[in-house]
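Chain residues, written in single-letter form:
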Amino acid sequence: MRDERASPPRVRIAVIGSSRVGKSALIVRYLTRRYIGEYHSNTDLLYRQTVPINGTPIELEVIDVSGSNADKFPAEQIQWADACLLVYSVTDRSSFDYATEVLNTLKRTPTNGSPAHGPGASPSTMPLALLGNKTDLDHLRQVPTKEGQAVSAAHGASFSEASVADNSGDLYRCVDRLLAEVRTPQRTRKFSVTKMLGSLIGGATNNSPTTRSGSVVACPRVPAPSRPPLAAAAP
């Protein structure tokens, strides 16, 4: 039997955004330091990786919420997560509007308690981050930096802009900061979605400091949490 006491604490992040804003490329870049270019999936994908945060190893699970369902509020994915990263493209106004809409709904909707924060948590206590991607295409920019800063401040989210393609350091700092904001992740919680589905792609251990090992699994649906699911607030 696996000794849970020897396991690193687990943190779960939901990465949410419209199609083609670079969510998958962002996740892969953060976890492996590699760039995959444009990637589109019509299903959620779950990545699992052990990463060091402030010198402590963290078992990180990241769900890449498919942008194909952008017309539906990702309630189950948010309920599953300890923190949320909202991604938009600075070259796509509609993607910024979608990220803002999700933040607005989170602000109006009770979470019924995040597993990382205990019972009674509110949307404002779940760590949130807003990241504008594709700053390398600044000549095509549709969303000013100040507008992103204003929206994030209004919702208690941290704010960053970055270029996943250019491997900008702001990307890593944004995710590291979000992970650090999750308060004392619990070692024993809900079952892992990766255990239920099994690994489809296993990363071999690599001692290179710029590559981390892990896995990714197709995740058509996040398992329903033990508590009531999060419902979008009525407009």
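- Under an unreviewed UniProt entry, the chain has the name small monomeric GTPase and belongs to Parnassius mnemosyne.
- Note on the chain: under the UniProt heading Sequence similarities (unreviewed entry), the record states "Belongs to the small GTPase superfamily. Ras family."
- The record in UniProt for the chain states the following under Catalytic activity (unreviewed entry): "GTP + H2O = GDP + phosphate + H(+)".

## Let's talk about the overall build of the chain
So, point 1. Counting secondary structure elements, the chain contains six helices and eight strands.
So, point 2. For the chain, the sequential pattern of α-helices and β-strands runs β-α-β-β-α-β-α-β-α-β-α-α-β-β.
So, point 3. The proportion of buried residues among the 235 residues of the chain is 54%.
So, point 4. Accessible surface for the chain amounts to roughly 11000 Å². Of this, 53% is attributable to carbon and sulfur atoms.

## Side note on unusual backbone geometry
Leave glycine aside and you will find that most residues have negative phi; peptide bonds, for their part, are mostly trans.
So, point 1. Positive phi outside glycine occurs at Arg-20, with the angle close to 65 degrees.
So, point 2. Relative to the helices and strands, Arg-20 resides in the loop between strand E1 (10-16) and helix H1 (23-32).

Here is what the cut-offs are and how they apply
Residues take numbers from 1 onward in each chain, read along the sequence in its written order. Under the rules for a predicted model, residues below a pLDDT of 70 receive no local features and side-chain atom pairs below 80 are neither given nor counted, while totals for whole chains, interfaces and linings still include all residues. The side-chain values count all of the structure's non-hydrogen atoms but skip hydrogen atoms and water molecules. UniProt positions are given in the numbering used here, feature names are shortened, and annotations may be inferred rather than shown by experiment. Helix and strand definitions follow DSSP, with helices as H or I runs of at least four residues and strands as E runs of at least two, each counted in order from the N terminus. The rule is simple: take the accessible area with a 1.4 Å probe, protein chains only, and divide by the maximum for that residue type; under 20% is buried, over 50% is exposed, in between is partly exposed. The Shrake-Rupley method, run with a 1.4 Å probe, gives the accessible areas here. Residue values count only the displayed protein chains as cover.

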